[in-house]
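Descriptive structure summary
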Amino acid sequence: MLDPLSHRHATELSVKRLRRFAVSMVGDQDAADRVVLGVMNSHRHLLVSGISHAAQLLGLLEAVYKDLHGGRRKSQNLSLLNPLRSELVDTFVKFQSLDYTKKAIISLLLIEELSSEKISQITEIPFPQVDIYISQGLQFLSEGENRKLVSG
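Conventions adopted
- Residues numbered from 1 in each chain as written.
- Predicted model: local features only at pLDDT ≥ 70, side-chain atom pairs only at ≥ 80, totals over all residues.
- Heavy atoms only, no water.
- Phe/Tyr/Trp six-rings, centres within 6.5 Å; stacked < 30°, edge-to-face > 60°.
- Helix = DSSP H or I, 4+ residues; strand = E, 2+ residues; numbered from the N terminus.
- Buried < 20%, exposed > 50% of the residue type's maximum accessible area, 1.4 Å probe, protein only.
- Lys NZ or Arg CZ within 6 Å of the ring centre and 35° of its normal.
- Axes fitted to C-alpha atoms, helices over the stretch in contact; angles between N-to-C directions.
- Parallel < 35°, antiparallel > 145°, perpendicular 65-115°, else oblique.
- Contact = heavy atoms within 4.5 Å.
- Nonpolar A, V, L, I, M, F, W, Y, C, P; charged D, E, K, R; others polar.
- Core = buried A, V, L, I, M, F, W, Y, C linked by side-chain atoms within 4.5 Å.

Observations concerning the packing of aromatic side chains
The tally for this structure, following the rule as stated, stands at 1 aromatic pair. Taking the centre distance of 5.2 Å and the plane angle of 40° together, the rings of Tyr-65 and Tyr-100 count as tilted. One end of the pair, Tyr-65, is in helix 3 (residues 53-71); the other, Tyr-100, is in helix 6 (residues 100-111), with 35 residues separating them in the sequence. The two residues Tyr-65 and Tyr-100 agree in class, both being buried. Looking at Lys-94, its charged tip hangs above the ring of Phe-140, at a distance of 5.2 Å from the centre.

In structure tokens:
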């Protein structure tokens with residue numbers, strides 16, 4: 001069990017990760033913050049000091065995943081990026097065009113650095129299917145210029 005100060009620090013790190021995950025999914029910090037705040041309020045039981053940091057984070061990531069999935073929110077700000085048209089922007093636009101599940105899985109893998117097993121636990125998608133989605137998502141994101149995407 002963590003002392004109160006260590007628990008507070010671990011919770012703050014969880015909030016940062018939740019915000020980062022939510023932003024990667026919706027592309028808008030304000031919308032992401034509203035989701036994270038709502039999840040934190042509705043899942044206070046996960047914030048008690050008796051729960052391990054790892055369990056807390058997984059539970060909160062799962063709640064954010066389900067909240068965003070249930071709301072079917074579309075990514076924001078894509079049209080603002082069109083004038084820039086760099087390889088990084090193209091990759092971001094392609095990432096945002098992935099279906100919700102693949103986008104969440106790729107975000108949890110690459111940004112949050114979670115294992116396939118933990119991603120399976122959060123998304124409630126069988127482990128073998130998570131690996132297939134990872135492979136498909138990474139293949140799509142790594143495809144060259146011959147597959148242009150129009151947005152905005």
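Observations regarding the packing of helix 6 against helix 8 (residues 127-142)
In contact at an axis separation of 9 Å, helix 6 and helix 8 are set at 90° when each is read in the N-to-C sense. By the angle between their axes, helix 6 is roughly perpendicular relative to helix 8. On helix 8, the residues that touch Thr-101, Lys-102, Ile-105, Ile-106, Leu-109 and Leu-110 of helix 6 are Val-130, Tyr-133, Ile-134, Gln-136, Gly-137, Leu-138 and Leu-141. Across the contact of helix 6 with helix 8, the residue classes tally to 9 nonpolar, 3 polar and 1 charged.

What to know about the nonpolar core
Within the largest apolar cluster, 30 residues are counted, with the highest numbers of intra-cluster contacts made by Phe-21, Leu-61, Val-64 and Leu-68. Of all the secondary structure elements, the ones that give two or more residues to this core are helix 1 (4-26), helix 2 (29-42), helix 3, helix 6, helix 7 (116-123) and helix 8. At 8 residues, helix 3 tops the list of elements feeding residues into this core. Counting 5 residues, the second-largest nonpolar core is a separate cluster that includes Phe-95, Leu-98, Phe-140 and Leu-141.

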